[in-house]
Amino acid sequence: MSKKHYLSNEDISVLCSELATVVSSGITITDGILVMLQDDEDKKKAVLLKQILSCIEQGSTVTDAFRKAELFPSYFLKMVEVGETTGRLDVVFSSLSVYYSNLDEISGSVRSAVTYPAVLLVVVLAVIILLSVYVLPIFSDVFSSLGLVLPDGARWLVEAGGTISGIAVIVIGTAALLIIAGVILYKAVRPVRNLIQHIASHTKTAKTLYAARFSAALSMTLSSGMDINESLDMCETLLENDYMREKLAECRKNMEDGAPFVQALAETGIFTAVNMRMISIAFNTGTLDKAMASISEKAQKKVSAVIQTAVSRFEPTMVVIMAAAVGFILISVMIPLMSIMTVIG
């Protein structure tokens, strides 16, 4: 099965922001799309909007109209379904705009932090191989003609160059094949993909992100007038990963056994003790929807901060490694040069 190509995070964020603006103004979504078509100069986006508008006018739900475009990820579609069911499309589009804007910012930070060091690392490795295989042997020949031998460090590089020249192609080819095979297995073999996702879902950052999504969904369903049970039903259809489904099933079981909602939720371990105190107070004061929205916002900021921190640590580490490699190259070239100059002098 071929991989679907979705809109970029930036495109989805911009589209959601525009939709949130027109829907929150009180006009219908069809009229809002017509307004967007009048002002939009992006031809591809106009084609997409016309397709969505046509589906809605023919009787499709808003969710189905977006789904038929086959350009939106599952999380987007499920959130739109929640918004459409609860009558909170403006809130959903606004929330999705922020969510995908954060994703785009994180992706951009990762790309900028990884691309430059990776390219520089490849260049440094290429220079090392070039010096070891082609340049230093020239110094060896010069020393031989002078009846001398290379210093130990330079001689080691020359000897290593012969080995490098023989295995470089094999190493690079093997690494490339392993990377390609890993990507293919992840995309094409469901058990492999499920295993990787299962492992990733149990990381602390992933659990924080799942809690953020659950909080956002619960906030919207509660604010629309649904009770706790109806809200949990809706959240279960929204959340895709097995971890959260297991936690929701555990919460339901606790409630069926007679535990109050707050206690049942606390026993699942989805939220920290601090968040549970906030949820308990909000539940008793009838402001649970606002509390869940606040928890969701804070959790998403925490996830973004964790990723940004990891990226900020990776880049200087790569720079230090490459600086050491460059220094090694300079020393390896200067040693034989200085030795030759000493002999000549």
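The shown structure was predicted, so the numbers you read here are calculated from the model rather than taken from an experiment.

Caption draft 1: Quick look at the pattern of salt bridges. The full count for this structure, using the stated rule, is 5 salt bridges. The closest approach of N and O atoms between Arg67 and Asp64, which form a salt bridge, is 2.7 Å. One end of the pair, Arg67, and the other, Asp64, are both in helix α4 (residues 62-69), 3 residues apart, so they sit about a helical turn from each other. With a relative accessible area of 38%, Arg67 lands in the partly exposed category.

Caption draft 2: Region of interest: α4. Along α4, the residues that are buried comprise Val62, Thr63, Ala65, Phe66 and Ala69. Down the axis of α4, the sector holding all buried residues measures 165°, keeping them to one side.

Caption draft 3: Molecular detail of helix α9 (residues 204-223). Under the 1.5 Å per step criterion, the end-to-end length of α9 is 28 Å for 20 residues, consistent within 8% with the ideal 28 Å. With 15 of its 20 residues buried, α9 lies for the most part within the structure.

Caption draft 4: Quick look at the environment of Gly87. Tracing the sequence through the fold places Gly87 in the loop between α5 (74-86) and α6 (89-145). Judged by its relative accessible area of 62%, Gly87 falls in the exposed class. In this structure the C-alpha to C-alpha distance between Gly87 and Met220, which are 133 residues apart in sequence, comes to 9.4 Å.

Caption draft 5: Inspection of the nonpolar core at higher detail. Among the nonpolar cores identified, the biggest contains 68 residues, and Phe66, Phe72, Phe76, Phe93, Phe214 and Phe271 are the most heavily contacted of them. The greatest single-element share of this core, amounting to 8 residues, is contributed by α9. Among all residues touching Phe271, those that are not within four sequence positions of it are Ala211, Phe214, Ser215, Leu265, Met276, Ile279, Met292 and Ile295.

Caption draft 6: Quick look at the packing of aromatic side chains. Evaluation of the coordinates by the stated rule reveals 7 aromatic pairs. Between the aromatic rings of Phe66 and Phe93, the centroid separation amounts to 6.2 Å while the plane-to-plane angle is 55°, which identifies the pairing as tilted. One end of the pair, Phe66, is in helix α4; the other, Phe93, is in helix α6, with 27 residues separating them in the sequence. The two residues Phe66 and Phe93 agree in class, both being buried.

Caption draft 7: Spotlight on the environment of Ser95. If you trace the backbone, Ser95 turns up in helix α6. Remark: the alpha-carbon pair of Ser95 and Ala293, spanning 198 residues in sequence, is separated by 9.9 Å.

Caption draft 8: Region of the structure containing the layout of surface pockets. There is about 450 Å³ of room inside the second largest pocket. Taken together, 21 residues form the lining of the second largest pocket, with Ser95, Ala293, Ser296, Glu297 and Gln300 sitting closest to its centre. For the lining of the second largest pocket, the secondary structure elements donating two or more residues are α6, α9 and α14 (288-344). Per element, the largest residue contribution to the lining of the second largest pocket is 9 residues, and it comes from α14. Class assignment of the residues belonging to the lining of the second largest pocket gives a composition of 6 nonpolar, 9 polar and 6 charged.

Caption draft 9: Fine view of a nonpolar patch on the surface. Together, Val119, Val123 and Val127 give the surface a local cluster of nonpolar side chains, amounting to about 220 Å² of exposed area. Mapped onto the secondary structure, Val123 falls in helix α6. Using a relative accessible area of 43% as the deciding quantity, one classes Val123 as partly exposed.

Caption draft 10: Representation of the environment of Glu230. Tracing the backbone shows Glu230 in helix α10 (residues 228-238). Put simply, Glu230 and Leu218 are 12 residues apart on the chain and 9.8 Å apart in space, counted from C-alpha to C-alpha.

Caption draft 11: View of unusual backbone geometry. Phi is positive for Glu70, which is not a glycine, with a value near 60°. Summarising the element assignment, Glu70 is placed in the loop between α4 and α5. For Glu70, a relative accessible area of 53% corresponds to the exposed category.

Caption draft 12: Spotlight on the packing of helix α2 (residues 29-39) against helix α3 (residues 43-57). For the pair α2 and α3, the least separation of the axes is 10 Å and the interaxial angle reads 160°. One finds that α2 runs roughly antiparallel with respect to α3. You can see that α2 and α3 cross each other, and the crossing is left-handed. Here Ile29, Thr30, Ile33, Leu34, Met36 and Leu37 of α2 lie close against α3, whose contacting residues are Ala46, Leu49, Lys50, Ile52, Leu53 and Ile56.

Caption draft 13: Here's a closer look at the packing of helix α1 (residues 9-24) against α2. Relative orientation of the contacting elements α1 and α2 amounts to 120°, with a least axis distance of 9 Å. Judged by the angle between their axes, α1 and α2 are oblique. As α1 runs across α2, the sense of the crossing is right-handed. In contact with Leu15, Glu18, Leu19, Val22 and Val23 of α1, α2 contributes Ile29, Gly32, Ile33 and Met36. In the contact of α1 with α2, the residues fall into 7 nonpolar, 1 polar and 1 charged.

Here is what the cut-offs are and how they apply
Residues numbered from 1 in each chain as written. Predicted model: local features only at pLDDT ≥ 70, side-chain atom pairs only at ≥ 80, totals over all residues. Heavy atoms only, no water. Salt bridge = Lys/Arg side-chain N within 4 Å of Asp/Glu carboxyl O. Helix = DSSP H or I, 4+ residues; strand = E, 2+ residues; numbered from the N terminus. Buried < 20%, exposed > 50% of the residue type's maximum accessible area, 1.4 Å probe, protein only. Arc of directions from axis to C-beta. Expected span 1.5 Å × (residues − 1). Core = buried A, V, L, I, M, F, W, Y, C linked by side-chain atoms within 4.5 Å. Contact = heavy atoms within 4.5 Å. Phe/Tyr/Trp six-rings, centres within 6.5 Å; stacked < 30°, edge-to-face > 60°. 1 Å grid on protein atoms, 1.4 Å probe; cavity = no way out; pocket = protein on both sides within 12 Å on 5 of 7 lines; lining within 4 Å. Points joined across faces, edges and corners; volume = space filled by probe spheres on them. Nonpolar A, V, L, I, M, F, W, Y, C, P; charged D, E, K, R; others polar. Patch = residues over 30% accessible without salt bridge, like charges linked within 9 Å, V, L, I, M, F, W, Y side chains within 5 Å. Areas by Shrake-Rupley, 256 points an atom, 1.4 Å probe, with all protein chains shown as cover. Axes fitted to C-alpha atoms, helices over the stretch in contact; angles between N-to-C directions. Parallel < 35°, antiparallel > 145°, perpendicular 65-115°, else oblique. Left-handed = near helix turned anticlockwise from the far one by under 90°.

The quantities given are spatial measurements derived from coordinates; they are silent on function.
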